[in-house]
Amino acid sequence: MEGEVNWIIKEVQEDLLRQVDVAPASAQLSPLVRRLLAQRGLSEPEAIDRFLSPRLSDLSDPFLMPDMQPAVDRLLKAIDENERVVLYGDYDVDGVTSVALIQEVLGKYGLECQGFLPHRMDEGYGVSKSGVERCLKDHDPQLIIAVDCGTTSIEEVAYLKEHAVDVVICDHHECSQDGRPDCVALVNPKVGDEYHYLCSAGVVFKVAHALLKTRPNPALDLKDYLDIVALGTVADIVPLVSENRILVRKGLHRLRKTDNCGLVALKRETKLGERIQTSDIGFRLGPRLNAAGRLHTAQSALDLLLERDPAEAKSIAQKLDQQNRERQELEYRMYDEALAMIEKGPHPRDRCSIVLGSDDWHPGVVGIVASRLMRRYHRPTFVVAFDETGLGKGSGRSVEKISLVSALNSCDDLLIKGGGHEMAAGLSIWKQNFPDFQQRFEEIVAANARSEYLIPTLYVDAEVQLTELTLSLLDSYEMMEPFGSHNPQPTLLCRNVSLAGDPITISNKHLRLELYQNGTIRDAVYFGAAELELSAPPWDVAFTIQRNEYRGRESLQIHVINVRSSQ
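Not measured: the values here are computed from a predicted model.

Some points on the environment of G519
And then number 1: You can see G519 is positioned in the loop between strand 16 (510–517) and strand 17 (520–526).
And then number 2: With a relative accessible area of 53%, G519 lands in the exposed category.
And then number 3: On a C-alpha basis, the gap between G519 and A500 in space is 9.9 Å, while along the polypeptide they are 19 residues apart.

Structure representation (structure tokens):
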């Protein structure tokens with residue numbers, strides 16, 4: 001976070017805290033963890049027990065999902081008649097893991113399917129007309145199972161029906177205002193009232209569960225694929241609540257001991273140990289699986305998840321790692337060029353938005369750069385890459401209480417198309433309309449943004465002393481994992497902290513600190529802080545904690561989020 005930051009310490013209702021303190025499941029928990037549970041609204045004994053100890057037996061009947069029965073019936077027909085089936089996915093981690101999962105499951109029933117992933121640059125997202133035409137030409141399917149896409153593809157599904165191709169859709173995206181596709185089944189929680197938190201990997205898992213309940217198969221154990229489900233769920237940043245929490249908790253355990261050749265190779269390539277957390281998926285495994293689809297085709301990511309030969313898996317993992325390095329180099333270059341553009345114009349503090357574009361940028365990386373700029377300046381941001389024809393493809397990220405979708409709707413006449421969510425959206429625009437879009441987007445944001453919306457807020461969960469930060473604390477703290485969307489990693493606060501030694505710069509970007517408070521010293525890392533102008537200690541320090549394992553030695557590691565002069 002750059003510049004002014006508003007720190008808010010969350011309150012906890014004392015009556016909820018008293019209920020947590022007497023709940024049987026919390027008897028062995030530290031006072032800090034009990035406070036954090038109460039703060040998250042968990043006070044009933046049963047809710048605390050289900051939160052701390054997620055069980056696969058608590059998963060609901062998969063047939064409660066919309067259109068599950070016709071989907072299963074159609075899949076069984078394809079199995080029994082050995083039909084030509086294509087699994088049509090998306091090029092991100094959720095799409096790739098969903099294709100891999102359904103391909104593995106159907107394979108256990110003896111049905112060999114073809115995976116099909118669209119080219120990001122040529123065919124765009126989802127079930128597009130050009131993608132469908134290539135799919136028909138290459139595979140001549142009788143059935144297409146669309147995963148992580150298809151819900152809004154009304155015209156494309158109609159086109160497939162004209163060509164005598166049935167379609168089953170397993171998706172989690174919002175439905176179209178124009179209606180639903182004329183498909184055999186639309187297994188999408190957004191069509192119903194429940195399970196809206198699921199991503200497509202979770203939806204496909206439910207389909208597999210329903211298939212297994214209908215036709216038991218001793219060769220198929222769905223627990224074997226929870227590592228893949230966890231990958232897709234965490235990488236897609238869906239809420240880690242209810243059944244997602246169960247799937248990810250169990251999936252992380254599976255991932256630590258996985259026998260999937262591709263994941264074993266990718267773990268080795270990223271030097272991951274046994275203790276894998278959601279952050280490892282978000283920052284190490286996920287980006288490498290995503291990199292292929294951002295720059296080329298996601299086929300190699302799918303190949304990795306399905307590979308049986310360890311040597312070939314190692315080769316693919318190395319290729320994905322190299323592609324991720326290429327992606328990082330592109331990202332760093334584009335980010336530096338974006339910062340240079342910002343320096344030439346009015347400083348972001350003097351305006352309400354950031355909208356940048358270039359002929360030299362790659363459309364597969366614009367979302368990452370927009371996200372970094374938004375976090376740095378806390379302004380709604382769009383980054384657009386133009387091709388040689390003047391067609392621009394852009395991605396945007398916003399701050400709380402400022403809707404990108406609403407803003408894009410007000411710019412509709414300037415865009416080829418645009419849409420998404422309040423906090424993240426995409427657009428296509430001709431270059432000649434870009435200056436007008438920059439101006440109008442700024443005017444719209446300025447008209448709707450209060451000054452406090454443009455100041456980042458740091459929410460602190462609890463205040464602690466450095467002496468409390470021990471390995472024994474982590475034993476109960478880790479029962480709150482997995483952390484992620486809707487169950488964020490707690491932000492802690494230590495006041496009046498000094499330094500026991502000079503900061504050490506790591507990789508020219510980060511700082512290693514020795515924090516000192518009332519006779520206690522704890523090591524900490526402050527990522528990305530090497531170039532920040534920090535005030536002189538003593539500080540109030542906001543941070544997260546996690547277990548660190550290095551050469552067989554465990555320690556509690558502090559990750560600093562922000563510091564301010566002690567107050």
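Topic: the packing of aromatic side chains
And then number 1: With the rule as written, the count across this model stands at seven aromatic pairs.
And then number 2: Both rings, one in Y195 and one in Y197, keep their centres 6.4 Å apart while their planes meet at 75°; by these two values the pair is edge-to-face.
And then number 3: The residue whose ring lies beneath R245 is F51, and the NZ or CZ to ring-centre distance is 3.7 Å.
And then number 4: Across the ring face of F386, the terminal group of K431 is positioned such that the distance to the ring centre comes to 5.9 Å.

Some words on the packing of helix 14 (residues 299–306) against helix 15 (residues 310–344)
And then number 1: Axis separation between helix 14 and helix 15 bottoms out at 9 Å; the angle between their running directions is 145°. The two elements helix 14 and helix 15 cross, and the hand of that crossing is left-handed. Packed against helix 14, whose contacting residues are S300, A301, D303 and L304, the element helix 15 presents A313, I316, A317, K319, L320 and Q323 at the interface.
And then number 2: Of the residues belonging to the contact of helix 14 with helix 15, the class tally is six nonpolar, two polar and two charged.

Thoughts on the sheet that holds strand 2 (residues 85–88)
And then number 1: Strand order in this open sheet of five strands is 3-2-4-5-6, and the pairing throughout is parallel. Edge strands, defined here as strands with exactly one partner in the open sheet, are strand 3 (114–116) and strand 6 (185–187). Mean inter-strand twist for the sheet, computed between neighbouring axes without regard to direction, equals 20°.
And then number 2: Here strand 2 pairs with strand 4 (residues 143–147) via four bridges, running parallel. Looking at the pairing, Y88 lines up with A146 of strand 4.

Some thoughts on the nonpolar core
And then number 1: Residues L106, I145 and L211 are the most contacted members of the largest nonpolar core, which totals 76 residues.
And then number 2: Once you skip the residues sitting within four places of it in the chain, I145 turns out to touch L75, V85, V86, L87, Y88, L106, V168 and C170.

Overview of the pattern of salt bridges
Where side chains of opposite charge bring their charged atoms close, a pairing between them can arise.
And then number 1: A full pass over the atoms with the stated rule returns 40 salt bridges.
And then number 2: With a shortest N-O distance of 3.7 Å, E133 and K129 are connected by a salt bridge. Residue E133 and its partner K129 are both found in helix 7 (residues 129–139); the two are separated by four residues, about one turn of the helix.
And then number 3: Take E133: its relative accessible area is 36%, and that puts it in the partly exposed class.
And then number 4: Between R333 and E337 there is a salt bridge, with its nearest N and O atoms 3.0 Å apart. Pair noted here: R333 and E337 are both in helix 15, with a separation of four residues, about one helical turn.
And then number 5: Residue E337 is classed as partly exposed on the basis of its relative accessible area of 29%.
And then number 6: The structure contains a network of salt bridges with shared partners spanning R275, D475, E478, E481, R547 and E554.

As for the sheet that holds strand 9 (residues 391–397)
And then number 1: In spatial order, the strands read 7-8-9-11-10; together these five strands make up an open sheet with mixed pairing. Only two strands of the sheet have a single partner each, and these edge strands are strand 7 (354–358) and strand 10 (417–420). The sheet shows a mean angle of 15° between the axes of neighbouring strands, taken without regard to direction.
And then number 2: Pairing of strand 8 (residues 381–386) with strand 9 involves six bridges; the strand directions are antiparallel. Bridging across to strand 9, F386 finds its partner in G392.

Thresholds applied
- Residues numbered from 1 in each chain as written.
- Predicted model: local features only at pLDDT ≥ 70, side-chain atom pairs only at ≥ 80, totals over all residues.
- Heavy atoms only, no water.
- Helix = DSSP H or I, 4+ residues; strand = E, 2+ residues; numbered from the N terminus.
- Buried < 20%, exposed > 50% of the residue type's maximum accessible area, 1.4 Å probe, protein only.
- Phe/Tyr/Trp six-rings, centres within 6.5 Å; stacked < 30°, edge-to-face > 60°.
- Lys NZ or Arg CZ within 6 Å of the ring centre and 35° of its normal.
- Axes fitted to C-alpha atoms, helices over the stretch in contact; angles between N-to-C directions.
- Left-handed = near helix turned anticlockwise from the far one by under 90°.
- Contact = heavy atoms within 4.5 Å.
- Nonpolar A, V, L, I, M, F, W, Y, C, P; charged D, E, K, R; others polar.
- Pairing = 2+ DSSP bridges.
- Core = buried A, V, L, I, M, F, W, Y, C linked by side-chain atoms within 4.5 Å.
- Salt bridge = Lys/Arg side-chain N within 4 Å of Asp/Glu carboxyl O.

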